[in-house]
Amino acid sequence: MINMRPAGRYDFAVTLGARWTAEPLLEEPLFTPPVDPDTDPDTEFEDAPRQTVIEGDARKIPLPNKSVDLVVTSPPYWKKRDYGIPDQIGQEESAGRYVEAMMRCLTEWKRVLRPTGSVFLNVGDTFHKRSLAGIPGRIEAAASDAGWFIRNRIIWAKGGGMPEPARNRLANRHEYIVHLAPRADYYYDLFGYSEAVGNGANPGDIWRISPERYMGRHLAPFPAEIVRRAILLGCPLYVCAKCGVPRQRVVRRTAQLDPSRPQAKRAMELASAAGLTPGHIAAIQATGVSDAGKALQVQTGTGRNSAVVQALAMEAKRVLGGYFREFTFARRETVGWSTCGHDLSPARGVVLDPFMGTGTTLRTAVRMGRDAVGVDLAPT
């Protein structure tokens, strides 16, 4: 029997032969979320994040329906390593059978995911009979046929790796992280991710991360940085303790530009000298980059704005000239978090790793303020 506390924490009775442990957070967080206590008074939790370990099968997880916000995991790759455990995934007689096993996993994970949840699946390929088996693509195709949305195929570029004896092909230096969602309206915090990782508003789908070594039973755990990025993108820090709806970041555009860029610095100087008001800046941003070149054909924001907004934008353009567009790239900032309307303190977001291995996902999740659940046929 499994009961859910109002705060979203788990109590596991010892049933089905399952073994579990629960440990509080003992280490400093890897990442401190950008929280403004003045706009979100319910950011303090009375207790620390908890990690729970279950001895069990990724295809049949003893968790309630709709109780997990994000799945981050790296299953055993097909025909790579035999752990000698009955019913293990990864030693099927064919690539097709392996994909079938993974689809049973995805069906189970869909059950435990909240409607806003998603999956980050790190999966590599296998050379079989001198040819790549195409495992990631096979999983993507099967998942798509089953109704999953394949949102990204992220390239994990390792930058190095073990020597390979092959002389008629290149050494493999990348793997895939497939982002899947059962619904189109999943939780996704691109702004928070970009703030933490850098490299622009949308940093792209290539992650350059060096592998980590672990001298234990699992010789190739995936790096904590992969987990961190997946959590930043896909697991809310807060969810409603009653309905499980995540608190969404509320972002607004400011008038702040990057003074290290000469064009931006000049735009701010001109705006200040002319006494442009916040209303002028807002009008520029409402209008968008629609004043020149190809933008005249593809931008339609001006036609949708009120006469007052258009007038303010034209006044600003007369002052700024070619520097007008600089304010459309102004910095954005977090001003608060949305709520679902229930007058309750929030619960923590929950991360699940159905193939927990060495526990990298769990340790990273609790350091980032989320509760974490790990499942493994033979927990280490």
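Residues numbered from 1 in each chain as written. Predicted model: local features only at pLDDT ≥ 70, side-chain atom pairs only at ≥ 80, totals over all residues. Heavy atoms only, no water.

## A word on the overall build of the chain
Within the chain, the regular secondary structure consists of 10 helices and 17 strands. The burial tally for the chain puts 46% of its 380 residues in the buried class. Within the chain, contacts between residues separated by at least 24 positions form 74% of all contacts whose residues are at least 6 apart in sequence. Carbon and sulfur atoms make up 52% of the accessible area of the chain, which amounts to about 19,500 Å² in all. (Helix = DSSP H or I, 4+ residues; strand = E, 2+ residues; numbered from the N terminus. Buried < 20%, exposed > 50% of the residue type's maximum accessible area, 1.4 Å probe, protein only. Contact = heavy atoms within 4.5 Å. Areas by Shrake-Rupley, 256 points an atom, 1.4 Å probe, with all protein chains shown as cover.)

## Overview of the environment of I61
Mapped onto the elements of the fold, I61 is located in the loop between β4 (50-55) and β5 (68-73). A relative accessible area of 3% places I61 in the buried class. Counting along the chain gives 47 residues from I61 to E108, while the straight-line C-alpha distance between them is 7.3 Å. When sequence neighbours within four positions are dropped, the list of residues in contact with I61 reads E108, W109, R111, L352, P354 and V375.

## Digging into the packing of helix α1 (residues 95-112) against helix α2 (residues 135-145)
Two measures define how a pair of helices packs: the angle their axes make with one another and the distance between the axes. Orientation of α1 relative to α2, taken along the N-to-C sense of each, is 50 degrees, at an axis distance of 10 Å. Accordingly, the angle class assigned to the pair α1 and α2 is oblique. When the axes of α1 and α2 are compared, the crossing they make is right-handed. Contacts between α1 and α2 involve A95, G96, Y98, V99, M102, M103 and L106 from the former and I135, R138, I139, A142 and A143 from the latter. Broken down by class, the residue content of the contact of α1 with α2 amounts to 10 nonpolar, 1 polar and 1 charged. (Axes fitted to C-alpha atoms, helices over the stretch in contact; angles between N-to-C directions. Parallel < 35°, antiparallel > 145°, perpendicular 65-115°, else oblique. Left-handed = near helix turned anticlockwise from the far one by under 90°. Nonpolar A, V, L, I, M, F, W, Y, C, P; charged D, E, K, R; others polar.)

## Focus on helix α10 (residues 360-367)
Taken across its 8 residues, α10 has 7 buried, putting it largely inside the fold. Along α10, the residues that are buried comprise T360, T361, L362, T364, A365, V366 and R367. On its buried face, α10 is in contact with β4, β5, α4 (224-234), β16 (350-353) and β17 (371-376). One or two residues past the end of α10 sits G369, with phi positive at roughly 85 degrees.

## Quick look at the nonpolar core
In terms of nonpolar packing, the biggest core is built from 35 residues, with W109 and L352 touching the most fellow members. It is α1 that contributes the most residues to this core, 10 residues altogether. Those residues in contact with L352 that sit more than four places away from it in its chain are I61, L63, V68, L70, V71, V72, V112, V373 and V375. Core analysis: the next-biggest nonpolar cluster, separate from the first, contains 25 residues, V53, V72, I177 and M368 among them. (Core = buried A, V, L, I, M, F, W, Y, C linked by side-chain atoms within 4.5 Å.)

## Brief notes about the packing of aromatic side chains
Pairs of aromatic rings are described using the distance from one ring centre to the other and the angle between the two planes. According to the stated counting rule, one finds 4 aromatic pairs in the structure shown. Ring geometry for Y186 against Y188: centres 5.7 Å apart, planes inclined by 85 degrees, an arrangement best described as edge-to-face. Ring geometry for Y238 against W337: centres 5.6 Å apart, planes inclined by 80 degrees, an arrangement best described as edge-to-face. Placement of the pair is Y238 in strand β12 (residues 238-240) and W337 in strand β14 (residues 332-337), with a sequence separation of 99 residues. With relative accessibility at 10%, the residue W337 sits in the buried group. In this structure, K158 packs its charged tip against the face of W156, placed 5.1 Å from the ring centre. The side chain of R169 reaches across the aromatic face of F127, ending 3.9 Å from its centre. (Phe/Tyr/Trp six-rings, centres within 6.5 Å; stacked < 30°, edge-to-face > 60°. Lys NZ or Arg CZ within 6 Å of the ring centre and 35° of its normal.)

## With respect to the pattern of salt bridges
Under the defined criterion, the tally for this structure stands at 16 salt bridges. Between D57 and R59 there is a salt bridge, and its shortest N-O distance comes to 2.9 Å. A salt bridge links R261 to E326; the nearest nitrogen and oxygen atoms lie 2.7 Å apart. Of this pair, R261 sits in the loop between β13 (249-253) and α5 (262-274) while E326 sits in the loop between α9 (307-320) and β14, placing them 65 residues apart in sequence. The exposure class assigned to R261 is partly exposed, which follows from its relative accessible area of 35%. Connected through shared salt-bridge partners, E93, R97 and E100 make up one network. (Salt bridge = Lys/Arg side-chain N within 4 Å of Asp/Glu carboxyl O.)

## Quick notes on the confidence of the model for the chain
Across the chain, the average pLDDT comes to 82, with 81% of residues at 70 or higher. Every residue in residues 1-42 scores below 50 in pLDDT, and together they form 96 contacts with partners more than four places removed in sequence or on other chains. In the predicted structure, residues 290-303 sits below a pLDDT of 50 and forms 14 contacts with residues beyond four places in sequence or in another chain. (pLDDT = per-residue confidence, 0-100.)

## Here we look at helix α6 (residues 278-287)
Three or more residues of α6 are buried, namely H280, I281, A283, I284, Q285 and T287. G288, located one to two residues past α6, shows a positive phi value of around 85 degrees.

## Regarding the pairing of strand β9 (residues 149-157)
As defined by bridge partners, β9 adjoins strand β10 (residues 174-181) across 8 bridges and the pair is classed as antiparallel. From the neighbouring strand, N152 faces β10, where its bridge partner is H179. Two strands pair when backbone bridges link them, and β9 and strand β11 (residues 206-208) are joined in this way by 3 bridges, in the parallel orientation. When the bridges of β11 are listed, A157 appears paired with R208. (Pairing = 2+ DSSP bridges.)

## Some thoughts on the packing of α6 against α9
Interaxial distance between α6 and α9 falls to 8 Å at its minimum, and their mutual angle equals 100 degrees. In terms of orientation, α6 lies roughly perpendicular with respect to α9. Packed against α6, whose contacting residues are G279, H280, A283, I284, A286 and T287, the element α9 presents V309, L312, A313, E315, A316 and L320 at the interface. Among the residues forming the contact of α6 with α9, the class breakdown is 8 nonpolar, 3 polar and 1 charged.

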